[in-house]
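This is what each chain is made of:
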Number of protein chains: 2
Amino acid sequence: MIAKTPLPPYYAVIFSSTMSDNHDGYSEMADLMVKLAEQQDGFLGIESARDEIGITVSYWKDLESIKNWKMQSDHKIAQKNGNSDWYARYKVRISKVERDYEFER
Amino acid sequence: MIAKTPLPPYYAVIFSSTMSDNHDGYSEMADLMVKLAEQQDGFLGIESARDEIGITVSYWKDLESIKNWKMQSDHKIAQKNGNSDWYARYKVRISKVERDYEFER
């Protein structure tokens, strides 16, 4: 679903990825990552879609909460499997949302 | 594909959407929008994925180029069909990319 975020400013972490041939355990780990993120202080929402590439955008209150999540998530992913197993390539962009608007039918 | 963007700072427009039942002409229009965006001054790249929701992130040099694209795209979409036909809901977030990093196997 489209995340219900508060009024800007807030932060967006744009995670774009292509998968390797090894998908073992990926979907379980992705679900777990969302659950863990939701428990983090400063978490505002998450959106995710995948076809040829995957795009996951998570929204955060500030840079501090993103930093805390990075430390938490890196730790958990490392414990589980080693995060680079699943990805052929990924790019992470940390951005500050300055303005937003929406349409609903 | 994952967009090859220059060093930050630059801007990201995060467009998240859910579709209505009417998909007539949508795919052709989406392809045309990408072609038009690529011709705009300040366009840096675009990434798109759709499953339950669609996420399209376009990257731009500055706010001015985003504003020019919005005027251009609104115009073209309006000429074609009326943009709200296809979407049940959408949200647009204008954000400034402050930092990025990547991994490649």
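The present account deals with the structure reproduced in this document. (Residues numbered from 1 in each chain as written. Chains lettered and ligands numbered in written order. Predicted model: local features only at pLDDT ≥ 70, side-chain atom pairs only at ≥ 80, totals over all residues.)

So, the overall build of chain A
Tallying secondary structure elements over chain A gives 2 helices and 4 strands in all. Going residue by residue from the N terminus, the α and β elements of chain A occur as β-α-β-β-α-β. Rg of the C-alpha trace for chain A: 14 Å, near the compact-globule value of 13 Å for 105 residues, within the 12% margin. By principal-axis analysis of the C-alpha atoms, chain A measures approximately 40 × 30 × 20 Å. For chain A, the proportion of its 105 residues judged to be buried stands at 25%. Within chain A, contacts between residues at least 6 apart in sequence are counted, and of these 80% link residues at least 24 apart. (Helix = DSSP H or I, 4+ residues; strand = E, 2+ residues; numbered from the N terminus. Rg over C-alpha atoms; globule rule 2.2 N^0.38 Å. Buried ≥ 20, exposed ≤ 12 C-beta atoms within 10 Å, placed from the backbone. Contact = placed C-beta atoms within 7 Å.)

A look at the relation of the copies chain A and chain B
Under the fitted operation, chain A is carried onto chain B by 0.0 Å of movement along the axis and a turn of 180°, and the coordinates agree to an RMSD of 0.0 Å. One copy is carried onto the other by what is essentially a two-fold rotation axis. Comparing interface residues between copies, 100% of those in chain A also lie at the interface in chain B; the contact surface is shared. (Least-squares fit on C-alpha atoms with pLDDT ≥ 70 in both.)

Describing the environment of Lys96 of chain B
Considering the arrangement of structural elements, one finds Lys96 of chain B in strand β4 (residues 87–104). Along the primary structure Lys96 of chain B and Lys76 of chain B are separated by 20 residues, whereas in three dimensions their C-alpha atoms are 26 Å apart. Apart from the residues within four sequence positions on either side, Lys96 of chain B is in contact with Ser95, Lys96 and Glu98 of chain A together with Pro9 and Tyr11 of chain B.

Focus: the pairing of strand β4 (residues 87–104) of chain A
Across 10 bridges, strand β1 (residues 10–19) of chain A lies against β4 of chain A in antiparallel orientation. Directly across from Ser17 of chain A, in β4 of chain A, lies its bridge partner Tyr90 of chain A. In this structure, β4 of chain A lies alongside β4 of chain B, joined through 15 bridges in antiparallel fashion. In the sheet register, Lys96 of chain A faces β4 of chain B, and the bridge partner there is Lys96 of chain B. (Pairing = 2+ DSSP bridges.)

A short note on the interface of chain A and chain B
Taken together, the contact pairs 35 residues of chain A with 35 residues of chain B. Of all the elements in the fold, those that place two or more residues in the side of chain A that touches chain B are β1, β2 (43–50), β3 (54–60) and β4 of chain A. The dominant element in the side of chain A that touches chain B, judged by the number of residues it contributes, is β4 of chain A, at 18 residues. A breakdown of the residues in the side of chain A that touches chain B according to their chemical character gives 16 nonpolar, 6 polar and 13 charged. (Nonpolar A, V, L, I, M, F, W, Y, C, P; charged D, E, K, R; others polar.)

Brief notes about the nonpolar core
Core analysis: the biggest nonpolar cluster contains 29 residues, and Tyr11, Ala12, Ile55 and Val57 of chain A together with Tyr11, Ala12 and Val57 of chain B have the highest contact counts within it. With sequence-adjacent residues up to four places away left out, Val57 of chain A is seen in contact with Ala12, Val13, Ile14 and Glu47 of chain A together with Ile14 and Ile55 of chain B. (Core = buried A, V, L, I, M, F, W, Y, C linked by C-beta atoms within 7 Å.)

Re unusual backbone geometry
The omega torsion of the bond from Pro8 of chain A to Pro9 of chain A falls at 5°, within 30 degrees of zero and hence cis. Relative to the elements of secondary structure, Pro9 of chain A occurs in the segment before β1.

A closer look at the sheet that holds β2 of chain A
Spatially, 8 strands are ordered β2(A)-β3(A)-β1(A)-β4(A)-β4(B)-β1(B)-β3(B)-β2(B) in an open sheet, and the strand pairing comes out antiparallel. Bordering the open sheet on either side are β2 of chain A together with β2 (43–50) of chain B, each of which pairs with just one other strand. Strand-to-strand twist of the sheet, defined as the mean angle between neighbouring strand axes without regard to direction, takes the value 25°. Relative to strand β3 (residues 54–60) of chain B, β2 of chain B runs antiparallel, the two sharing 7 bridges. (Axes fitted to C-alpha atoms, helices over the stretch in contact; angles between N-to-C directions.)

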